[in-house]
Structures are given as C-alpha cells and as structure tokens.
Amino acid sequence: MDELNLLRQHQHQHQHHLVVRGLGEEIDLEIGPGDDPSFPGAALVGVTPGAHDPADDHKSLLIPCSQPAAEGQPQPTPPQVEEHDGLLRLPGQTKKKKKVVKKWREEWADTYKWAYVAVHDNTSRIFCTVCKEYGRKHRRNPYGNEGSRNMQMSALEEHNNSLLHKEALRLQTASKENAQPPEIERPVYVKALSKTAASILESILKRDPHEAEFIQSIQEMVHSLEPVLVKNSQHVQILERLLEPERCFIFRVPWVDDRGEAHVNRGFRVQFSQALGPCRGGLRFHPSMTLSVAKFLAFEQTLKNALSQYKLGGAAGGSDFDPKGKSESEIMRFCQSFMDELYRYLGPDQDFPAEDVGVGPREMGYLFGQYRRLSGHFQGNFTGPKIFWSGSSFRTEATGYGLVFFARVVLADMNKELKGLRCVISGSGKIAMHVLEKLLSCEAIPVTVSDSKGYLLDTEGFDYMKYSVLRNIKAQQRSLKEYLKSYPNAKYIDDAKPWSEKCDVAFPCASQNEIDQAEALAIINSGCRVLIECSNMPCTAQAVDILRTAKVVVAPAKATAAGGVAVGELELNPEFSLMQWSVEDFENKIQDAVKQTYDRSIKAAQDYGIMKENPESLVHGANICAFLNIAQAMTDQGCV
C-alpha cells in the first residue's frame, strides 16, 4: 500500500523528540483549519449536529511532523473552525472560538499508553508512539465536551481503527524478540440490542471473552433474532442452549519432518449441533486456526445445513499446521498423526469431515487412508459412498457456481442482470476460480483475483484464455505475478486488497474478516452495490454496518453456499451418482437449491416485518429461517 510505503519512508526520514510533560501542564488539544492539507480552499461537507458518520472514523492521514520546538517556546493559538447550522466552514467565514485547554493528568499515562505529547508547528499535539503521527479533525470528542466537534482525536482512539497503525504495530512487534502478541479487543456490536438479546450476548462474553471470531458470529445471529425472541419467549432458552456447542475436542498432533526433527501442532474438532442429523463440516489447515475459529466455522456450518432441505448438523475443525512449503511426505505424516486422534469421533452416523482451506483431495486421501487403517473397515463416509474419500470436484464447482447463481437471483430482484457488470474477486483458491469461471459464462467482467501477497488486476477483464493461464499458474502453485509474463498490461499490487477497484459486485472468497471498516469504505467508493459473501464471515461487524448504512446489499455466506451444501449432501445419499449427471442437470440442481434458499430467507424476513427492500433482509431472513428449523428439532427432542 502507498500509505504504508510513505510510513516506512517517514519513519526513516524524521526523528521525533519525546517531550515529557509535567503534571498539570497545559496543552492545546484543538486543530486549526489549516492543519488538514487534503481540503485546500474547499468548504467542508455539512453534517447534522450530533450525528456520527462512521466513515470518518476510519480515514487516516499522513502529515509529516517537523522537529519539536525548544521547551518554553511560545505556542500561538491555532485558528478555529466555525460551526453554523450544522456546517463546518473554512477560515474567512469563521468566528473565533475559545481555546480549549486540558491539563496533562497522571491517569492519562495509562489511558493513552500509545500516546505522547510533542510540538508541531508551535502547537502541542498528541502523537501515536507507533506511527509518530497525530490525530486529524474529527467529529467525535473523546474528552467529554460534546459542544466541540473539531477537537483533536487522541492517538490511541484515532489509530487503533487505522490500517496504518495496525501495520506499524505489527512491524514493531515482529522486530522485538519475545514480544507479546497484541491483546485481542473484545468485539462490540455497533447496533443496540434489546434487553433480552443483550443479556444472551453478555453471557457469551463472560464465558468466552477472548473468542473474538465466535462472538462476532453470535452477535449477527442474536441481532437478527430479536423479533423472534420478542414474539416467542420460549425461543430464548432454546437459543441459549444452541449457542453452546455439543462437543469440542482439542488434541496434540506430533509429527516428524524430513530432517528428522519433531514438531507439534494443535488439532480441533467442534461438533456444534446434531439436532437435525449427523454433523458435516470442513477441516482447515492454516496457522490462524484456533478454538474460536473452529467454533465460529462450526456455528456457521450448522446454520448453512439448517437452511437446506436436507437434515444434517454442523461441525468444523482443523489444525494450526501450515501445509505451504511442506513436502508430500511431511503432509502425509501430519495427516496420519492428526487422524490418529480424530478418528474415534468420526462415523457415518456421527460426523462427516469435508474439505476447507489447506485441505484438498491430497490431504483428504491421506486422512481417509489412516481412518480406514484405524477403524478397520472401508466406510467412505468422508465425502460420500459413491465419491469415497478424495472429494468431488462437483462440490467445489457447485459452491463457486452457486455463488454466481445467487448473485444473479439478487440482481434479478433489483431489475438488473449480471451481464456486463464489473466484478471484483478476492482469493484465488478453488472456489474463487470457479466463481471466475462461471462469471465468464454469464458474460460478466471479472477484473481481479488475489493471494496472500497482493492482488492481480486486469482492467480489461479476464476471458477464457486468461482464465486458462491463471488456472495453470495455480495448479503449479506459482505466484500470480507470473500472469504478467503473458499479459504485461495487467498489474500486480503488493500488500494490498482489491476492494478499491471500480466494480458493481464484490465476491470476497479469501478468509474471515478480510474486509474491515476502511475496506468497506473503499468498496462503497468503488461503486459496488452488491456484496456476495463467499468465505465465512468475510466482513467485520463494523464493516457490515457501514455497508448496510450505504444501502449495499449483503448476501450472507450461510445462504450463498446453498449450491455447495446441496450437492455435498446429495453425495451422502447412496442412491445418487453425480457422475451420471449431465452438465444441465447439475447446474439446474444448483440453481433450484439457490432459489429455494433465497425464497425461504426472504419469506422468513417478511414474516417478522423485514421487507425485501431492506438491505438487511437476506441476512436476517437466513438467520431466522435456520434458527427456526433447529429450534423445532430441539423442542421436539427435549432438553438434551
């Protein structure tokens, strides 16, 4: 990112002298109208008094700082910004306001632990110790004076929500040996909850305060179910039971690499709910895998399966093992060690593992081989009796195709079609590539794919020939930069995500929480009006709120994955053989599953007073429909 490059250059070029302030010493906390060079000579946009625009919370600005003045140097009062009828105006139209002065108090040292005071342009400012930058004009006042909306934001509160600060903090932490990882902030949902819903969420926060991903997924669910809980109080107890997983397994996975050195990783499996049937869910091998991630994935899979017409429960798991850079024999030994512990919890009437990030046909083959050896019989229950262990390309194709079909259904209700629309895709795995393939057949214009190092942009759009080149690059596990050798007019942007590129529809296919507040703003500014969630929970709670405020339609992953869920469950039926299906039958089956899921979600939302025109209707409807299906089964089975 250009901002990050500027940051690194700035850190080398400028040395900042820390000015230690004595207790009770007065410092100027206001910013004058000339401090923001991004608005030279232009009137600022009017804002209703007391309103809070979330977009402004997430903009960051680099302003080079000069050397601090000698101590005791006079500090002239900066010019003020006038507020009149809700409008902020530039100098020349302003009246002088009383200078706001606060005393540097002892308790601030802990509260603003990322901040220090230094002098810039003969004025004392509060700087961030990581970025060495000070806060810009902001309409939220952290110091308690609600009447002034152009107070300087403190470095801690300004930069904690800044990508610039997070990257600087990560680089700073990585440079220190034995550095402790930054503390996980407790997620807070941006929308107010009813008393009943808030009490349910609060109990989860007290029980699992550090499981950020799991809490985030619950927040969205509880928020959607508010009208359900009000209408039927019996559902409160059912929801409380549902939010506690039935079983969680954590186990050690020791393995030996090709050099003979021993390693140990941690394995997870969460069987979240079997109320509707045996569990089914993916296995993920990725360094970011934790119990919180496993619980969130299992919860999302439970809701996905509950939305379908087939009866299955939900599960998820995996390990913090990273298969990248490992040899075939190392991956095989790890998979065998992983299955040594997991096999006792699997079975055709208990739990069906499936593929996820880092686990493909190769890994599933090794896992099944060890499972068969340990169990002593050939059940083939990993992916279905007809497909056996190796996974079906039909299922990954069904998921990718289903995402595009879902986008087409959403657009049809908006009197639009996919043909000719610019589409931005993140990720370049199996699902992302199948999304790209199906977009081409729908005559859309996909312009990006991405990997962990950056993203590839072809402004002319990919075609079938370019798709073939991309597919070969991924099959050989090469970098997306190799694409530039065949098409030099394309661009590869390092250390960035594709959300600032102009588009009509966005397909996030990478990982959870890949879109934060700043990237949500970039999506809005790019012209995007429909976001199809491909990966589980790709947006943070704050990002989702920003997108909904801007009337961007968000289709949740639990609904958009209907095609993959339907075909995956059909694989478990011994009477079906996907190998005998024609392409037309295959796609018709996916489209039927997608349309039924969409209709059920919209109907559930309307039953509780949420109209189709509401940008939250799909999210709320999918959550309500899935919950009601599970709740009925839990009621019938009693308290078990």
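Coordinates for the structure precede this section.
Remember, predicted model here, so these are calculated numbers, not experimental data. Throughout this description, residue numbers start from 1 for each chain and increase along the sequence as written. For a predicted model such as this one, the threshold for reporting local features is a pLDDT of at least 70, and the threshold for listing and counting side-chain atom pairs is 80 or more; totals across whole chains, interfaces and linings nevertheless cover every residue. As a convention, hydrogens and water are excluded, and side-chain values are obtained from all of the structure's heavy atoms.

A. Here's a closer look at the overall build of the protein chain. We count a stretch as a helix when DSSP gives it H or I for four or more residues in a row; a strand needs E for two or more, and each element gets its number in order from the N terminus. When helices and strands are tallied, the protein chain shows 21 helices and 18 strands. With 640 residues in all, the protein chain has 53% of them scored as buried. Considering only contacts in the protein chain between residues 6 or more positions apart, those separated by 24 or more positions represent 71%. All accessible areas in this document rest on Shrake-Rupley with a 1.4 Å probe, and a residue is counted as covered only by the protein chains that are shown. As presented, the protein chain carries roughly 29,000 Å² of accessible surface, and 50% of it is formed by carbon and sulfur atoms. For every residue, the accessible area (1.4 Å probe, protein chains only) is compared with the maximum for its type, and the residue is labelled buried under 20%, exposed over 50%, or partly exposed between those bounds. Here, residues are in contact when the closest pair of their heavy atoms is within 4.5 Å.

B. Summary view of unusual backbone geometry. Even without a glycine there, the phi angle at Glu443 is positive, about 65°. Here Glu443 lies in the loop between helix 13 (430-441) and strand 13 (445-451). Its identity is not glycine, yet Met537 carries a phi of approximately 50°, on the positive side. In this fold, Met537 is placed in the loop between strand 17 (530-532) and helix 17 (541-549).

C. Spotlight on the packing of aromatic side chains. Between rings of Phe, Tyr and Trp, where Trp is taken as its six-membered ring, a pair exists when centres lie within 6.5 Å; planes separated by under 30 degrees are stacked, by over 60 edge-to-face, and by other angles tilted. All told, the structure shown has 16 aromatic pairs when counted by the stated rule. Through a chain of ring-to-ring contacts, the aromatic side chains of Phe251, Trp255, Phe285, Phe321, Phe334 and Phe338 assemble into a single cluster. Here, a charge over a ring means that NZ of Lys or CZ of Arg falls within 6 Å of the ring centre while also lying within 35 degrees of the ring normal. In this structure, Lys231 is placed above the aromatic ring of Tyr608, and the distance from its NZ or CZ to the ring centre is 5.0 Å. Lys438 extends its terminal NZ or CZ atom over the ring of Tyr401, reaching a point 4.4 Å from the ring centre.

D. Structural view of the sheet that holds strand 8 (residues 262-273). Here we have 5 strands laid out as an open sheet, ordered 7-8-10-9-11, and mixed in their pairing. Two strands lie at the open edges of the sheet, namely strand 7 (247-256) and strand 11 (351-355), each paired on one side alone. The average undirected angle you get between the axes of adjacent strands in this sheet is 20°. Two strands pair under a simple rule: DSSP has to find at least two bridges between them. In terms of strand pairing, strand 9 (residues 279-285) meets strand 11 through 5 bridges, oriented parallel. Bridge pairing links Cys279 to Asp351 in strand 11. Axes here refer to lines fitted to C-alpha atoms; in helices the fit is confined to the stretch in contact. Angles between the N-to-C directions go from 0 to 180 degrees.

E. Highlighting the nonpolar core. In terms of nonpolar packing, the biggest core is built from 98 residues, with Leu418, Leu439, Leu456, Leu470, Val505, Phe507 and Phe627 touching the most fellow members. The two domains that each donate at least three residues to this core are domain 2 (245-388) and domain 3 (396-613). The contact partners of Leu418, leaving out residues within four places of it in the chain, are Val404, Leu411, Cys423, Leu439, Cys442, Glu443, Ala444 and Val505. Residue types Ala, Val, Leu, Ile, Met, Phe, Trp, Tyr and Cys, when buried and joined through side-chain atoms within 4.5 Å, form a set referred to as a nonpolar core. Counting residues in hydrophobic clusters, the runner-up holds 22 residues, among them Tyr455, Ile524, Leu547 and Val552. Marked domain ranges trace back to an automatic or database domain assignment.

Read these as spatial facts, not as claims about activity.
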